[in-house]
Amino acid sequence: MQFELNKPLKDFNTFHIEAHAEKLICIEDEASLLETVAFAKKEKINTHFIGGGSNILLTKNVQGIVVINQLKGIKIIQENEEFVMVNFSSGENWHECVLWAVEHNYGGIENLSLIPGTIGASPIQNIGAYGVELKDVFHSLEAIHLTSFEKKIFTLEECQFGYRDSIFKQQEKGNWFILNVTLQLTKNPVCNINYGNIKDELLKMNIEYPSIQDVSKAVIQIRSSKLPNPAEIGNAGSFFKNPIVSHSHFEELKSLYPEIPFFTVSNGVKIPAAWLIEKNNWKGFKEGDYGVHKNQALVLVNYNNAKGNDILNLSTQIITSVQQAFNITLEREVNIW
Ligand code: FAD
Ligand code: NAP
């Protein structure tokens, strides 16, 4: 077990924030992971896990051990004429797994193309995009408890998935390391193209009867044209969750802002956070090296050498202004470290 000491983390987080890990280790197999967590327990030091670093904001140096997850492997564990159950090791890159599934014509995750990060982080916030969430294809995951070292299989129900949420962001936060995730994909895919501008993109591609390969390509095209590429401008995707308000609160807002966009969902009315932020004139805001992206008000950005705290403070100012204007408290989606 060899640690790199005082290791810069700039290349391990998509915000490209300059911060250091007291100790850093890349893990390629389960035995090394076990050895590392056992060492951390014995020495009474904290362990922090990074997959792709695309959903964290570093606001200080990280004390203790930072583990970079590089556990790899894709296994079909069961299949019949209709379904295939695939077990993905947690250090696999999410988008590469989507491309693998699409190539084999296994349907269910094509709408989740081009989401950065790892398989292991996907259940943490029940990743979602273009009308599909991880929970729609999730079968189970295997995790290891960080103090008892007990291994446990979590079923769909046990993960308590919600909108960008799971038990791993709530009562079990920081207690488990996810080793692998099993998804149930379909061999007879039905494309889900009702969301947003997927249909328009397919029409632009002259495709009337799309395959999942076409849907994946369309999503990749839309995302590439709309979202800042973290390799060029540091960011962690949507910084805030889209708020869900009660029907009565929504009616009040609608009377004040008849143009307000909304989506009725099972537990209320979802309002795009980007609209609330843009309405308060934050879109394109820039101060020094940090700001709000000029095309995507939900995406906070590091143009060069911003500090994590600059971005955190900016997010607090945005939360306050949205609270004052609309009586809605935006919740951060990104994990603050
Ligand atoms: P990290 O940032 O490395 O980790 C996130 C959190 O999970 C940390 O707290 C970490 O400790 C914990 N964690 C990571 N791996 C494990 C593990 N194996 N066991 C236990 N804990 C773990 N998200 C969406 O939902 N939908 C989108 O469409 C989307 N688009 C994005 C677009 C861009 C440009 C960017 C930059 C981000 C986007 N995101 C999106 C957010 C992000 O990609 C996802 O949340 C992704 O799942 C994070 O994966 P990661 O491996 O980078 O996680
Ligand atoms: P968009 O398609 O312009 O949509 C804007 C907003 O409207 C989002 O809040 C989205 O909710 C909501 N919405 C649109 N159509 C909907 C429908 N049919 N039913 C319910 N809600 C609907 O958004 P975008 O910014 O270009 O992103 C496209 C997709 O990628 C979205 O699903 C978004 O969540 C996802 N994305 C996520 C991140 C991240 O970091 N989390 C980053 C980029 C993109 P939802 O967000 O609930 O879908």
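Scroll up a little and you will see the structure.
Residues numbered from 1 in each chain as written. Chains lettered and ligands numbered in written order. Predicted model: local features only at pLDDT ≥ 70, side-chain atom pairs only at ≥ 80, totals over all residues. Heavy atoms only, no water.

1. Some words on the overall build of the chain
Link 1 in the chain: A tally of regular secondary structure across the chain gives eight helices and 20 strands.
Link 2 in the chain: Reported as C-alpha extents along the three principal axes, the dimensions of the chain are approximately 60 × 55 × 35 Å.
Link 3 in the chain: Residue burial in the chain is summarised as follows: out of 337 residues, 48% are buried.
Link 4 in the chain: Restricting the contact set of the chain to residue pairs at least 6 apart, pairs at least 24 apart contribute 60%.
Link 5 in the chain: Of the roughly 16200 Å² of accessible surface on the chain, 48% is carried by carbon and sulfur atoms.
Link 6 in the chain: In the chain, the 30 positive side-chain charges and the 38 negative ones have mean positions that sit 5 Å from each other. (Helix = DSSP H or I, 4+ residues; strand = E, 2+ residues; numbered from the N terminus. Buried < 20%, exposed > 50% of the residue type's maximum accessible area, 1.4 Å probe, protein only. Contact = heavy atoms within 4.5 Å. Areas by Shrake-Rupley, 256 points an atom, 1.4 Å probe, with all protein chains shown as cover. Lys, Arg positive; Asp, Glu negative; His and termini not counted. Charge placed at Lys NZ, Arg CZ, Asp CG, Glu CD.)

2. A closer look at helix α2 (residues 94-103)
Link 1 in the chain: Three or more residues of α2 are buried, namely W94, H95, C97, V98, A101 and V102. Down the axis of α2, the sector holding all buried residues measures 155°, keeping them to one side. Projecting away from the buried face of α2 at angles above 90 degrees are the exposed residues E96 and E103.
Link 2 in the chain: Those residues of α2 that are buried are in contact with β6 (74-79), β7 (83-89), β12 (176-186) and α5 (212-226).
Link 3 in the chain: Regarding α2, its N-cap is N93, as a side-chain oxygen of that residue lies 3.0 Å from the backbone nitrogen of H95 further along. (Arc of directions from axis to C-beta. Polar contact = N/O pair within 3.5 Å; in protein donor to acceptor, adjacent residues only side chain to side chain.)

3. Comments concerning the pattern of salt bridges
A side chain of one charge can pair with a side chain of the opposite charge if their charged atoms are brought near each other.
Link 1 in the chain: Per the counting criterion, the structure on display carries 14 salt bridges.
Link 2 in the chain: Residues K10 and E18 are paired through a salt bridge, measuring 3.8 Å at the closest nitrogen-oxygen approach.
Link 3 in the chain: Note that E331 and K241 form a salt bridge whose closest N and O atoms lie 3.2 Å from each other. Note that E331 is positioned in the loop between α8 (308-326) and β20 (335-336) and K241 in the loop between β13 (234-235) and β14 (244-245), a separation of 90 residues in sequence.
Link 4 in the chain: A relative accessible area of 10% places K241 in the buried class.
Link 5 in the chain: The structure contains a network of salt bridges with shared partners spanning E30, E142 and K151. (Salt bridge = Lys/Arg side-chain N within 4 Å of Asp/Glu carboxyl O.)

4. Quick notes on the site of ligand 2
Link 1 in the chain: Ligand 2 sits among 17 residues. The nearest are R164, Y195, K226, K270 and E333.
Link 2 in the chain: Here an oxygen atom of ligand 2 sits 2.5 Å away from a polar atom, N or O, in the side chain of K270.
Link 3 in the chain: In the environment of ligand 2, a nitrogen atom lies 2.7 Å from a nitrogen or oxygen atom belonging to the side chain of E333.
Link 4 in the chain: Starting from 800 Å² of accessible surface for ligand 2 in isolation, the protein chains cover 76%.
Link 5 in the chain: Of all the secondary-structure elements, those providing two or more residues to the shell around ligand 2 are β8 (128-129) and α5.
Link 6 in the chain: Within the shell around ligand 2, the residues separate by chemical class into seven nonpolar, five polar and five charged.
Link 7 in the chain: Two domains each donate at least three residues to the shell around ligand 2, and these are domain 2 (74-226) and domain 3 (234-336). (Near = heavy atom within 4 Å. Nonpolar A, V, L, I, M, F, W, Y, C, P; charged D, E, K, R; others polar. Domains from an automatic or database assignment.)

5. Describing the site of ligand 1
Link 1 in the chain: Taken together, 32 residues are adjacent to ligand 1, and F49, G51, S54, T118 and R223 come closest.
Link 2 in the chain: Here N55 contributes a backbone N or O atom positioned 2.8 Å from an oxygen atom of ligand 1.
Link 3 in the chain: Measuring from an oxygen atom of ligand 1, one finds a backbone N or O atom of P116 at 2.9 Å.
Link 4 in the chain: When residues of the shell around ligand 1 are traced back to their parent elements, those giving at least two are β3 (47-50), β8 and β12.
Link 5 in the chain: A total of three residues in the shell around ligand 1 trace back to one element, the largest contributor, which is β12.
Link 6 in the chain: Taken together, the residues of the shell around ligand 1 sort by class into 15 nonpolar, 15 polar and two charged.

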